[in-house]
Every structure is written in C-alpha cells, then in structure tokens.
Amino acid sequence: MQDAVLAMLAKEPSHGYHLHARLRRVLGPLGESMNRGQIYVTLARLERAGLVVCERADGLPERPERKVYALTPTGQQRVAAWLAEVGWPKPDLAEFHLKLAAAAAARLADPVELVAAQRRELLRHLREAQQAALAEPAGSGAGLLLEGVALRLQADLRWLDACERAWSGADDEVEGG
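Residues numbered from 1 in each chain as written. Predicted model: local features only at pLDDT ≥ 70, side-chain atom pairs only at ≥ 80, totals over all residues. Heavy atoms only, no water.

What to know about the overall build of the protein chain
To keep things clear, this is the line we draw: Each helix is a run of DSSP H or I of at least 4 residues and each strand a run of E of at least 2, with the numbering of both proceeding from the N terminus. A 1.4 Å probe rolled over the protein chains alone gives each residue an accessible area, and that area as a share of the maximum for its type sets the label: buried under 20%, exposed over 50%, partly exposed in between. Working rule for contacts: check all heavy atoms of both residues, and any pair within 4.5 Å makes them a contact.
Summing up its helical and strand segments, the protein chain has 7 helices and 2 strands in all. Reading the protein chain from its N terminus to its C terminus gives the helix and strand order α-α-α-β-β-α-α-α-α. By residue count, 38% of the 177 residues in the protein chain fall in the buried class. Taking contacts inside the protein chain between residues at least 6 apart in sequence as the whole, the part at least 24 apart equals 58%.

Some details on the nonpolar core
Definition in use: Among buried residues, the Ala, Val, Leu, Ile, Met, Phe, Trp, Tyr and Cys ones that are joined through side-chain atoms within 4.5 Å form a nonpolar core.
By size, the foremost hydrophobic cluster in this structure holds 39 residues, and its most contacted members are V5, L9 and L23. If you tally residues by element for this core, the top one is helix α5 (residues 93-105), at 7 residues. What L23 contacts, discounting residues up to four positions off in sequence, is M1, A4, V5, M8, M34, I39 and L98.

Focus: the environment of L151
Its place among the elements puts L151 in helix α7 (residues 141-168). The exposure class assigned to L151 is partly exposed, which follows from its relative accessible area of 48%. Along the backbone, L151 and A129 are 22 residues apart, and their C-alpha atoms lie at a distance of 9.8 Å.

Looking at the packing of aromatic side chains
To keep things clear, this is the line we draw: Stacked, tilted and edge-to-face pairs are distinguished by plane angle, under 30 degrees for stacked and over 60 for edge-to-face with tilted covering the rest, among Phe, Tyr and Trp rings (Trp via its six-membered ring) whose centres lie within 6.5 Å. We call a charge positioned above a ring when the Lys NZ or Arg CZ atom is no farther than 6 Å from the ring centre and deviates by at most 35 degrees from the ring normal.
In this structure the tally under the stated criterion is 1 aromatic pair. Taking NZ or CZ as reference, K99 lies 5.3 Å from the ring centre of W82, over its face.

Brief notes about the packing of helix α2 (residues 16-27) against α5
Heads up, the rule is: The axes used here are C-alpha line fits, helices contributing only the stretch in contact, and every angle between their N-to-C directions lies in the interval 0 to 180 degrees. Here a crossing is called left-handed whenever its near helix is offset anticlockwise from the far helix by less than a right angle, and right-handed whenever the offset is clockwise. Under the scheme applied, nonpolar residues are Ala, Val, Leu, Ile, Met, Phe, Trp, Tyr, Cys and Pro; charged residues are Asp, Glu, Lys and Arg; polar residues are all the others, including Gly.
Where α2 meets α5, the closest approach of the two axes is 10 Å, and the angle between their N-to-C directions is 115°. For the pair α2 and α5, the crossing hand works out as right-handed. From α2, R22, L23, V26 and L27 reach across to α5, where they touch A94, H97, L98, A101 and A105. Tallied by class, residues from the contact of α2 with α5 come to 7 nonpolar, 1 polar and 1 charged.

With respect to helix α6 (residues 111-135)
Selection rule: The span you would expect from a helix comes to 1.5 Å times its residue count less one. Two N or O atoms count as a polar contact when they lie within 3.5 Å, although within protein this holds only if one can serve as hydrogen donor and the other as acceptor, and sequence-adjacent residues are included solely when both atoms are side-chain atoms.
Its 25 residues give α6 an end-to-end C-alpha distance of 36 Å, which sits within 8% of 36 Å, the value for a rise of 1.5 Å per residue. Turning to α6, the residues buried within the fold contact α4 (73-84), α5 and α7. Of the residues that open α6, the one with a side-chain oxygen 3.0 Å from the backbone nitrogen of V112 is D110.

Side note on the environment of L93
Locating L93 in the fold gives a position in helix α5. The class of L93 is partly exposed, set by a relative accessible area of 42%. Note: C-alpha distance between L93 and W159 (66 residues apart in sequence) is 9.5 Å.

Quick look at α4
To keep it simple, the criterion reads: The arc in question is the one traced by the directions running from the helix axis out to the C-beta atoms.
Given a rise of 1.5 Å per residue, 12 residues ought to cover 16 Å, and the 17 Å separating the end C-alpha atoms of α4 matches this to within 8%. Of all the positions in α4, only G75, V79, W82 and L83 are classed as buried. Projected down its long axis, α4 carries its buried residues within an arc of 95°, all on one side. Seen from the buried face of α4, the exposed residues on the opposite side, beyond 90 degrees, are P73, Q77 and A84.

Examining the pattern of salt bridges
Two side chains that carry opposite charge are able to pair once their charged atoms sit near each other. Worth spelling out the cut-off: The working definition used for a salt bridge is a side-chain nitrogen of Lys or Arg within 4 Å of a carboxyl oxygen of Asp or Glu.
For the coordinates displayed, the defined rule picks out 6 salt bridges. With its nearest N and O atoms 3.1 Å apart, the salt bridge here joins R119 to E164. Here R119, found in helix α6, pairs with E164, found in helix α7; they are 45 residues apart in sequence, far enough to count as distant. Classification of R119 by relative accessible area gives buried; the value is 16%. By relative accessible area, E164 is classed as partly exposed at 27%. Between R124 and E128 there is a salt bridge; the shortest N-O distance is 2.8 Å. With R124 and E128 both in helix α6, this residue pair falls 4 residues apart, about one helical turn. Given the relative accessible area of 34%, R124 is considered partly exposed. For E128, a relative accessible area of 37% translates into the label partly exposed.

Put into structure tokens, the structure is as follows:
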C-alpha cells in the first residue's frame with residue numbers, strides 16, 4: 001500500500017481524502033473495503049520515514065487548513081525502485097494493478113513495459129521449473145510440485161497477456177481502471 005500511495009503522489013501532491021478516492025477508483029470492487037483511515041496511517045508512516053512531506057493548505061471555510069502531502073526526493077527514488085521491481089513467486093495482483101495505474105497516471109513508466117518486465121521474470125522462472133521437472137524421475141513428488149509451479153506460472157503469464165491487451169488500448173485517463 002505504501003508504494004502505491006507514493007506513486008499516486010508522484011502525479012501531484014494530494015490530500016488524504018483525494019488519495020483514498022483515487023485508489024478506490026483504480027481498484028474498483030476490490031477497493032470498496034479500503035478504510036479511509038488506512039490512508040492517513042500510511043501517510044503518517046511515510047512522513048516519519050522521510051518519503052513525503054506534509055504542508056498545510058487553504059481549504060473550505062468549515063476546514064480552514066488541510067494537509068497536502070508531496071513526495072520528497074527520497075520518496076521519488078523509492079517510487080522509481082518500486083516500478084523497476086519484478087516480483088515472483090506470487091506478485092500481489094492488486095498491488096501490480098496499482099503499480100500499472102499509478103505509473104500511467106503519473107507518467108512515470110509505460111504500463112506495457114512494466115508488464116513486459118514482469119513477463120520476462122516469469123518466463124525465466126517457468127524455464128527453470130520445466131528444466132527441473134524434466135530432471136526428476138517420473139512420478140516423483142518433487143516432479144508433481146514442479147508441474148504445479150509451472151502451471152501457476154502459465155496462468156500468471158496469461159493474466160499478464162490480458163494486462164498487456166488492456167493497457168495497450170488504454171486511454172490517457174487511466175484512473176478509471
């Protein structure tokens with residue numbers, strides 16, 4: 001969650017309420033259960049870690065001052081590292097989706113390139129699992145486990161194909177999904 005919040009701030013400084021709304025839009029039904037307080041706790045942690053700064057901004061008459069959060073240079077470096085990171089054995093699908101949406105929204109990276117990097121990593125692991133499975137004696141428990149790993153990787157690769165198709169045709173307005 002912290003990296004997704006940082007990436008959303010890379011687009012522009014924001015209020016916690018606005019960040020919450022953007023994350024819920026990006027996650028769709030999966031974001032319905034997202035607690036607004038979780039965003040504020042995350043922002044406080046990021047501020048203590050020196051990744052964001054909080055400034056007071058003029059608000060509405062009933063809320064004369066509101067907190068606006070912005071990235072520090074260290075926060076910007078962390079976002080860049082997060083976008084370059086590929087994960088396996090099991091990338092969190094919601095986090096990967098947020099990574100694609102945040103990268104596109106802030107114009108930090110091309111989502112299709114992020115998908116391609118993840119695909120290369122999964123293909124490498126698939127080759128390793130298939131080679132290891134071939135080295136196992138027929139009917140061994142380890143061979144069955146390796147077959148399961150290969151099947152899981154193939155499913156993840158199909159999902160990445162769907163991600164690539166979706167982001168290849170995405171409009172400039174990426175926060176809608």
